[in-house]
There are 2 protein chains.
Amino acid sequence: MTRSVNTPPLQFRDIDEVADALRDAGGRFSATRRLVLEALFAADAPISADRIAAATGEGGARLDATTVYRILERLEELGVVRHVHLGHGPGLYGLTRDGGREYLVCDGCDSVTALDPAQLDPVRALVREQFGFEASFTHFPLVGRCAACAGDHAPGPAASAGHGHAH
Amino acid sequence: MTRSVNTPPLQFRDIDEVADALRDAGGRFSATRRLVLEALFAADAPISADRIAAATGEGGARLDATTVYRILERLEELGVVRHVHLGHGPGLYGLTRDGGREYLVCDGCDSVTALDPAQLDPVRALVREQFGFEASFTHFPLVGRCAACAGDHAPGPAASAGHGHAH
């Protein structure tokens, strides 16, 4: 399988610092790259390429999905962006400055819980102790059922959607 | 995202019992379905559709990938087969009678460790206790680095492949 991108994260606080870093690395900083970065900076969590494309359309000409994917791939190689796989859904993209987040994804309602890695360190320690395996939930999240969805299905097959989640 | 298949597993010990169960359910039991099932019964772990297609070629006419996927999908609907997602790789398919296995997948060398769910129950309990989340590693495995690959990368960027894994 293809590997996760191992470029060290770039250090940056805003779009201009990304632009500087890209130019230092010999890269260009095109208007389309800026549009994609604006969408990523505006989001407070990793978002899909489709949502990024839609966001670029708010200020003018909407970028097509292929262009967005190409830019995301390049930004990932440069250490500005990372993606996370959300179960069966499309990958989500976020800035590396928000990096080190790990994720729980509910296979029932698609809800995503972002966690500081320290919160999952006890789980990681237990997996390491029992299996000599170094777990990471950054690139491939921990998948299962959130409390609401697990509760629905806990007593039996009578899955009443009492908590308001769409199933 | 599409959901995992929730058909209850069929009860069966061999191919003839699967055939009986499919006929009872009003399904046919074609020669091509038998070929796919023979490959699944011969494998001692979940395998890819490509490997199933290759295995069908050993005894005669090799099934094409589209046919294999179609049959796997139908067998999954019938509760005979389940798939597991292995990181970036293709899905793997296994018989539900081997069911309830959970998996650790190494993002470094692609190695797969199959576990009895009881072995992961302490991890599940800790995740439940801390996050009210019901973890499952059956459909989406726990991804990280196996001991050998984690060891390679532990001290720093000098990743000597001393343990013989291909990187």
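As shown above, the structure is provided for reference.
Since the model is a prediction, treat every value here as computed from it, not as a measurement. The written sequence of each chain sets the order in which its residues are numbered from 1. For naming, the first written chain is A and the first written ligand is 1, with later ones following in the order written. Owing to the predicted nature of the model, reporting of local features is limited to residues with pLDDT of at least 70; listing and counting of side-chain atom pairs is limited to 80 or more, with chain, interface and lining totals taken over all residues. Hydrogens and water molecules were not included; the side-chain quantities draw on all heavy atoms of the structure.

### A closer look at the overall build of chain A
The way it works is that DSSP assigns letters per residue, a run of H or I at least four long becomes a helix, a run of E at least two long becomes a strand, and they are numbered from the N terminus. Within chain A, the regular secondary structure consists of six helices and seven strands. Put simply, chain A runs from its N terminus to its C terminus through helices and strands in the order α-α-β-α-α-β-β-β-β-α-β-β-α. For every residue, the accessible area obtained with a 1.4 Å probe (protein chains only) is divided by the maximum for its type, and the residue is called buried under 20%, exposed over 50%, and partly exposed between those limits. Evaluated residue by residue, chain A yields a buried proportion of 42% over its 167 residues. In the form shown here, chain A has an accessible surface area of approximately 8,300 Å², with 51% of it arising from carbon and sulfur atoms. We get accessible surface area from the Shrake-Rupley algorithm with a probe of 1.4 Å; when it comes to residues, only the shown protein chains can shield them.

### Quick look at the relation of the copies chain B and chain A
Least-squares superposition of the copies uses the C-alpha atoms of those residues scoring a pLDDT of at least 70 in each of them. When chain B is fitted onto chain A, the two copies agree to an RMSD of 0.0 Å after a turn of 180° and an axial shift of 0.0 Å. These values place the two chain copies in the arrangement generated by a two-fold rotation axis. Note on contacts: a residue pair qualifies if any of its non-hydrogen atoms lie within 4.5 Å across the two residues. Taken as a fraction of all interface residues of chain B, those also at the interface in chain A reach 100%, which identifies the copy contact as same-surface.

### A short note on the state of the cysteines
Residue and element names in this part refer to chain A. Our working definition of a disulfide is a cysteine sulfur pair at a distance within 2.5 Å. Evaluated as defined, the whole model comprises zero disulfides over all chains. Not engaged in a disulfide, the cysteine C106 finds its nearest cysteine sulfur in C149; these two sulfurs lie 3.7 Å apart. Judged by relative accessible area, which is 0%, C106 ranks as buried.

### Topic: helix 5 (residues 117-131) of chain A
To estimate how far a helix should reach, multiply one less than its number of residues by 1.5 Å. With 15 residues, helix 5 of chain A should reach 21 Å at 1.5 Å per residue; the first-to-last C-alpha distance of 19 Å fits that figure. The seven residues ending at a residue and the seven starting there each receive a fitted axis; the angle between those axes is the bend at that residue. A:V123 marks where helix 5 of chain A bends most, by close to 30°. Buried residues of helix 5 of chain A: A:L120, A:V123, A:R124, A:L126 and A:V127, and no others. Close packing links the buried residues of helix 5 of chain A with strand 4 (102-106), strand 5 (112-115) and strand 6 (134-135) of chain A together with helix 5 (117-131) and strand 7 (142-145) of chain B. If you check the start of helix 5 of chain A, you find a side-chain oxygen 2.9 Å away from the backbone N of A:A118, and it comes from A:D116. Any pair of nitrogen or oxygen atoms within 3.5 Å is treated as a polar contact; in protein, a donor-acceptor pairing is required on top of that, and neighbouring residues in sequence qualify only through side-chain atoms on both sides.

### Observations concerning the sheet that holds strand 6 of chain A
A strand pair is defined by DSSP finding two or more bridges across the two strands. Read across the sheet, four strands follow the order 6(A)-7(B)-4(B)-5(B) without closing on themselves; strand pairing throughout is mixed. This sheet does not close on itself; its edge strands, each paired only once, are strand 6 of chain A together with strand 5 (112-115) of chain B. Pairing of strand 4 (residues 102-106) of chain B with strand 5 of chain B involves four bridges; the strand directions are antiparallel. Bridging across to strand 5 of chain B, B:Y103 finds its partner in B:A114.

### Considering the sheet that holds strand 5 of chain A
Pairing is mixed in the open sheet, where four strands are placed in the order 5(A)-4(A)-7(A)-6(B). This sheet does not close on itself; its edge strands, each paired only once, are strand 5 of chain A together with strand 6 (134-135) of chain B. Looking at chain direction, strand 4 of chain A and strand 7 (residues 142-145) of chain A are connected through three bridges and run parallel. Paired with A:L104 across the strands is A:L142, a residue of strand 7 of chain A.

### Digging into helix 4 (residues 65-77) of chain B
Residues and elements named next belong to chain B. Taking 1.5 Å as the rise per residue, helix 4 with 13 residues should run 18 Å; its terminal C-alpha atoms sit 18 Å apart, in good agreement. Contacts from the buried residues of helix 4 go to helix 1 (15-24), helix 2 (31-42), helix 3 (49-58), strand 2 (81-84) and strand 3 (92-95). Downstream of helix 4 by one or two residues, G79 has phi in the positive range, about 85°.

### Description of the packing of helix 1 of chain B against helix 2 of chain B
Residues and elements named next belong to chain B. Angles run from 0 to 180 degrees between N-to-C directions of axes, and those axes are lines fitted to C-alpha atoms, restricted for helices to the stretch in contact. Their axes nearest at 10 Å, the elements helix 1 and helix 2 cross at an angle of 135°. With respect to their mutual orientation, helix 1 and helix 2 come out oblique. Two packed elements cross with a definite hand, and for helix 1 against helix 2 that hand is right-handed. Residue-level contacts link I15, D16, V18 and L22 of helix 1 to R33, R34, L37, E38 and F41 of helix 2. Each residue is assigned to one class: nonpolar for Ala, Val, Leu, Ile, Met, Phe, Trp, Tyr, Cys and Pro, charged for Asp, Glu, Lys and Arg, and polar for all the others, Gly among them. Among the residues forming the contact of helix 1 with helix 2, the class breakdown is five nonpolar, no polar and four charged. In these notes the angle categories are as follows: under 35 degrees is roughly parallel, over 145 is roughly antiparallel, 65 to 115 is roughly perpendicular, and the rest is oblique. Crossing handedness follows the turn of the near helix against the far one: under a right angle anticlockwise gives a left-handed crossing, and clockwise gives a right-handed one.

### Side note on the pattern of salt bridges
When a carboxyl oxygen of Asp or Glu lies within 4 Å of a side-chain nitrogen of Lys or Arg, that pair is called a salt bridge. Evaluated as defined, the whole model comprises 14 salt bridges over all chains. Among the ionic pairs, B:R23 bridges to B:D20, the shortest N-O distance being 3.5 Å. Here B:R23 and its partner B:D20 are both found in helix 1, three residues apart, which amounts to about one turn of the helix. Using a relative accessible area of 47% as the deciding quantity, one classes B:R23 as partly exposed. In this structure, B:R124 engages B:E102 in a salt bridge whose closest nitrogen and oxygen atoms are separated by 2.7 Å. Residue B:R124 is found in helix 5, and its partner B:E102 is found in strand 4; the two are separated by 22 residues along the sequence. Since its relative accessible area comes to 2%, B:E102 is described here as buried. Residues joined by salt bridges that share partners form a network here, namely A:E102, A:D121 and A:R124.

### Here's the deal with the interface of chain B and chain A
Interfaces are often sized by the accessible area lost when the parts come together. Listed per partner, the contact involves 40 residues of chain B and 40 residues of chain A. Summed over both sides, the interface between chain B and chain A buries roughly 3,500 Å², with carbon and sulfur atoms accounting for 65% of that surface. The tally of links between chain B and chain A comes to zero salt bridges. For the pair chain B and chain A, the number of links is six residue pairs in polar contact (both at pLDDT 80 or more). If you list the elements that add at least two residues to the side of chain B that touches chain A, you get strand 4, helix 5, strand 6, strand 7 and helix 6 (147-153) of chain B. Counted by class, the side of chain B that touches chain A contains 21 nonpolar, 14 polar and five charged residues. Two strands pair when backbone bridges link them, and strand 7 of chain A and strand 6 of chain B are joined in this way by two bridges, in the antiparallel orientation. Throughout, the accessible surface (probe 1.4 Å) given up by two parts as they are put together, summed over both, is called the buried area.

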